[in-house]
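# Structure assessment
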Amino acid sequence: MSSYRPLHDGWTLTAVSQDVEVAGVTATVPGCVHTDLLAAGIIDDPYLDDNETRLAWIGRTDWVYQTTFDWTGDGHERTDLVCEGLDTVATVILNGVQVATTANQHRSYRFAVRHLLREGANTLTVRFDSAYAYAEAQRAALGERPSPYDEPYQFIRKMACNFGWDWGPTVVTAGIWRPIGLESWSGARLAEVRPLVTMDGADGRVRVHVRVERVAETPLSVHAAVAGVGARADLAPGEREAVLELTVPEPERWWPRGYGAQPLHELTVSLDGPGGSGPAVPSGARDWSGRIGFRTVELERDGGAFTVVVNGVPVFVRGVNWIPDDCFPNRVTRDRLAARFAQATGAGVNLLRVWGGGLYESDDFYRLADETGLLVWQDFPFACAAYPEEEPLRSEVEAEARQNVARLAGHASLVLWCGNNENLEGHADWGWQEELAGRSWGSAFYYDLLPSVVAELDPTRPYWPGSPYSGAPDLPPNDPSRGTIHIWDVWNREDYTRYAAYTPRFVAEFGFQGPPAYATLRRAVSGELAADAPLVLHHQKAIDGNAKLLRGLGGHLPPPATFDDWHYLTQLNQARAMVFGIERFRALAPHCMGTIVWQLNDCWPVTSWAAVDGDGRRKPLWYALRRVYADRLLTVQGGELAVVNDAPERWTGELSLVRHGLDGEPLAAEAVRVEAAPRSVVRVPLPEAVRTPGDPAREVLVAALGGSRTVSFYAEDTVVAFPEAAYDAHAEPAEGGYRVTVTARTLLRELALFPDRLDPDAAVDDLLVTLLPGESAVFHVATERELDPAALLAFPVLRCVNEARPGHG
């Protein structure tokens, strides 16, 4: 039998610096310097207050991790030190002998160390040189390259957002961030298994590419099996690669969520001696298994389109952008990922775009995507900067790309490789060319190296050079009429109603900010909670971010007079902005075939574009996404009502259109027979009686079809003559928490409940509900605490736009 021994115990951490007195600190592996110093009480939590500003020295210090372990000869011919992740500039030393140096967080490594091991005690040392020092030395050697931040992240193969972003702190990490251990084996081992899965008509096809590593040149056989079908390939002495082809008759296909089931089949690969006469290779090193799904994926590009097609069916992408869920990714467990995936699917999402300023995510990430039916768009890790193409970076890029393409090729959920985030646009539109003065900027990666690697190792999937991109290098990259676009004039300069001026083919980034949940902000900030309080502003990383929040309220909502109003209204405005854009773009289908909201998640507590904040709490935007990303949607678009049916069944019935006074009285009503085919949009012209109000400030349109409804006002909230909110409300204990019932006596605009103000762990099942007089809403509050029912019904827990707010007269 082969053996694997984790080396996760007994580690210590020491600073290599005359200025930093840290020595022999207990270290956790996998982990990083920041979390070790935090656990030891040496630093304050960088996520709280402005502690981050006092911790920059960590990224500019060299560090040594060291452990001692006992070893006894195990009879195997080979023992390897397997390092699944070293962050980043590492020197590996075993018993005083240098084993290797590395400089890439995105790679894993394997080093033969049998000759260095001793009977008894052994000492393993991993020294991490400062990532700043390495990157700045590369910058000095290769020349400056433009980027939006005064940080050298494009000069090192490391998670770029570690160096800070407009939503993230600057915490430049170092450490053994993924598992490390010793693997012993004899004869040969499976070095790589790369299954390429597709369909041939009704039959499933798997081409299993196998590479072996040997210490003995003996005959070998490789066996593969899936769904009751097997194949075998023989390797003569000296041969190290084989391809096994398996055909599975009429397997059930894997589908994206919302389009069908996600059946997964176990694929096993084993390495044996000649003729099956017995294992020449010990189990463990010779056995591999993984779960695959049978499906096809294509990218339809005719006429400027950008349409993801799975199993021959065009998919309207209801996506969100994914950033690293923690600045310290060793803290992101499978359970944490599963919770975040549940939040994505709960909001109607069908695709995660793994953004290029982060990481190739963990195996758990892609396995969960396979299981839940969430499609994955994978950026290669390049973002918002000109990247040098010279050595040593070119070889590192090729090595990491080869390793990760091979690692991820078997995942059914992965549907697209993308070369970078915004670098093509940066070169074309951000003034880079003059600054570069002919120096390399990454084009050879995006147009040559990366597509070549994908074509060689994973020809089953499309490759797209970058986003935004219009389909050809000589075209303006952010052209709405072609390919993918990113929309950032909204938020940065323009009101969100500008989304209506766009008629895009696919929107891969667009977003609007809002603060995190109250409980999240309260945990992160120990001082005053005010929009302009210094510690609150520290948790706002966007340039002029809070000014843009206030400007974004524009004529949509009243200016906030208190912190509580600022918090509620800016969160609400974030939700409304994204609803406006998504409804516009979904109504354009099939001309537009996807929206990817910036962003699903946060890595720390911050005011940002996320729907789920840094503590994992759902912001009002999340509830809005659940409505606007539903299979079926009604949305008023100008003088029409768009019936968006992204379900597999027809949507038929009588569309009810009623123009009400704000007192709830119907002023005009129309009924229109509607039939929307599966995966289609039907536009219904609004009859004159409901299209044109008698008084825009005092009327509202309600459209309903089946179980779907939309409430559309004829004027902005600042113009509408809302009555002061009046309602009857009742809270009572219920299973798992409390039931809150609100019955409107007047119109209630965007009714919301924020139970985290009473219990940080409490959550509510719905938000942002508009009620006409006489209508009721029932909210379920999940909490393990006993709460004051009266507090659940009072300001600032229970809110609506037209409430009578304390201090507002």
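Residues numbered from 1 in each chain as written. Predicted model: local features only at pLDDT ≥ 70, side-chain atom pairs only at ≥ 80, totals over all residues. Heavy atoms only, no water.

### Focus on the pairing of strand β42 (residues 748-753)
Two faces make up the sheet, and in a regular strand the side chains alternate between them. Filter applied, for reference: Note on classification: 1.4 Å probe, protein chains only; a residue is buried when its accessible area is under 20% of the maximum for its type, exposed when over 50%, partly exposed between these limits. Secondary structure counts use DSSP, requiring at least four H or I residues in a row for a helix and at least two E residues in a row for a strand, with both numbered from the N terminus. If DSSP finds at least two bridges between two strands, the strands pair.
Burial of β42 is extensive: 6 of the 6 residues sit out of reach of the surface. Alignment of β42 against strand β46 (residues 798-799), held across 2 bridges, turns out to be antiparallel. Across the sheet, residue Ala752 finds its bridge partner in β46, namely Arg799.

### Structural notes on the nonpolar core
How we decide: We call a set of buried Ala, Val, Leu, Ile, Met, Phe, Trp, Tyr and Cys residues a nonpolar core when their side-chain atoms join them within 4.5 Å. Note on contacts: a residue pair qualifies if any of its non-hydrogen atoms lie within 4.5 Å across the two residues.
If you look at the biggest cluster of nonpolar residues, it comprises 171 residues, and the most contacted ones within it are Phe380 and Leu625. In this structure, Phe380 is in contact with Gly356, Tyr360, Ala401, Val405, Trp417, Cys418, Gly419, Asn420, Leu450, Val454 and Tyr463, ignoring residues within four places of it in sequence. Grouped together as the second largest cluster of nonpolar side chains are 37 residues, Cys83, Val92, Val126 and Leu182 included.

### Let's talk about the pattern of salt bridges
We apply this condition: We count a salt bridge whenever a side-chain nitrogen from Lys or Arg sits within 4 Å of a carboxyl oxygen from Asp or Glu.
Counted by the stated rule, this structure contains 64 salt bridges. In this structure, Arg127 and Asp62 form a salt bridge, with 2.9 Å as the shortest nitrogen-oxygen distance. A residue pair is termed long-range when its members are at least 10 positions apart, and Arg127 in strand β10 (residues 120-129) and Asp62 in strand β4 (residues 62-71) qualify at 65 residues. Across the salt bridge formed by Arg626 and Asp766, the nearest N and O atoms sit 3.2 Å from each other. With Arg626 in helix α15 (residues 620-628) and Asp766 in the loop between β43 (763-764) and β44 (769-771), the pair connects residues that are 140 residues apart, well separated along the chain. Taking the relative accessible area as the measure of exposure, Asp766 reaches 22% and is therefore partly exposed. Connected through salt bridges with shared partners, the residues Arg78, Asp80, Arg110, Glu183, Arg189 and Glu213 form a single ionic network.

### Thoughts on the sheet that holds strand β34 (residues 640-645)
Let me state the cut-off plainly: The angle between two axes is taken between their N-to-C directions and runs from 0 to 180 degrees, where each axis is a line fitted to C-alpha atoms and a helix contributes only its stretch in contact.
Sheet architecture is open: 3 strands sit in the order β33-β34-β37, paired in antiparallel fashion. One side of each edge strand has no neighbouring strand; the edge strands of this open sheet are β33 (632-637) and β37 (680-685). Direction aside, the axes of adjacent strands within the sheet are offset by 20° on average. By the bridge criterion, 6 bridges tie β33 to β34 in an arrangement that is antiparallel.

### Brief notes about helix α4 (residues 334-346)
Quick reminder: α-helices carry 3.6 residues per turn. Residues three or four places apart thus point the same way. Put simply, the rule is: Expected span of a helix: the number of residues minus one, times 1.5 Å. Working definition: the arc comes from the directions between the helix axis and the C-beta atoms, pointing outward to the latter.
For α4, spanning 13 residues, the distance from its first C-alpha to its last is 18 Å, which sits close to the expected 18 Å at 1.5 Å a residue. Among the residues making up α4, those that are buried are Leu337, Arg340, Phe341, Gln343 and Ala344. Projected down its long axis, α4 carries its buried residues within an arc of 155°, all on one side. Looking at the buried side of α4, the elements it contacts are β25 (317-322), β26 (351-354), α5 (363-372) and α15. Remark: Gly348 follows α4 within two positions and exhibits a positive phi of approximately 85°.

### Regarding the pairing of strand β35 (residues 651-661)
The buried count for β35 comes to 8 of 11 residues, which makes it a mostly enclosed element. Note that β35 and strand β36 (residues 666-676) share 10 bridges and pair antiparallel. Along β36, the bridge assignment pairs Glu654 with Arg673. Here β35 folds back onto β36, and the loop between the two strands holds 4 residues, one of which, Gly664, carries a positive phi near 90°. Judged from the 6 bridges that link them, β35 and strand β38 (residues 699-705) form a sheet pairing that is antiparallel. Bridging across to β38, Ser656 finds its partner in Ala704.

### Structural notes on helix α13 (residues 545-553)
Listed in full, the buried residues belonging to α13 are Gly545, Asn546, Lys548, Leu549, Gly552 and Leu553. Buried residues of α13 fall within an arc of 160° about the axis and therefore sit on the same side. Taken together, the buried residues of α13 touch α10 (489-492), α12 (534-538) and α14 (563-587). At the C-terminal side of α13, Gly554 shows a positive phi close to 45°.

### Looking at unusual backbone geometry
The omega torsion across Glu391 and Pro392 is 5°, close enough to zero to call that bond cis. By the secondary structure assignment, Pro392 is in the loop between β27 (375-379) and α6 (393-408). Along the chain, Trp598 connects to Gln599 via a cis peptide bond; the corresponding omega equals 10°. Following the sequence through the fold, Gln599 ends up in the loop between β32 (594-597) and α15. Backbone geometry at Cys384 places phi at a positive 55°, although glycine is not the residue there. Position of Cys384 among the secondary structure elements: in the loop between β27 and α6.

### Observations regarding the side chain of Ser708
Mapped onto the fold, Ser708 is located in strand β39 (residues 708-713). Residues within four places of Ser708 in sequence aside, it is in contact with Arg632, Leu634, Trp651 and Ala703.

### Focus on the packing of aromatic side chains
Formally: Geometry of aromatic contacts follows a simple scheme: Phe, Tyr and Trp rings, the Trp one being its six-membered ring, pair when their centres are within 6.5 Å, and the pair is stacked under 30 degrees between planes, edge-to-face over 60, tilted otherwise.
Within the structure shown, the criterion is met by 43 aromatic pairs. Ring centres 5.8 Å apart and planes at 40° place the aromatic pair Phe306 and Trp377 in the tilted group. With Phe306 in the loop between β22 (297-300) and β23 (307-310) and Trp377 in strand β27, this pair connects stretches of sequence that are 71 residues apart. With a centroid separation of 5.3 Å and 80° between ring planes, the pair formed by Trp491 and Phe512 is classed as edge-to-face. A residue pair is termed long-range when its members are at least 10 positions apart, and Trp491 in helix α10 and Phe512 in the loop between β31 (507-510) and α11 (518-524) qualify at 21 residues.

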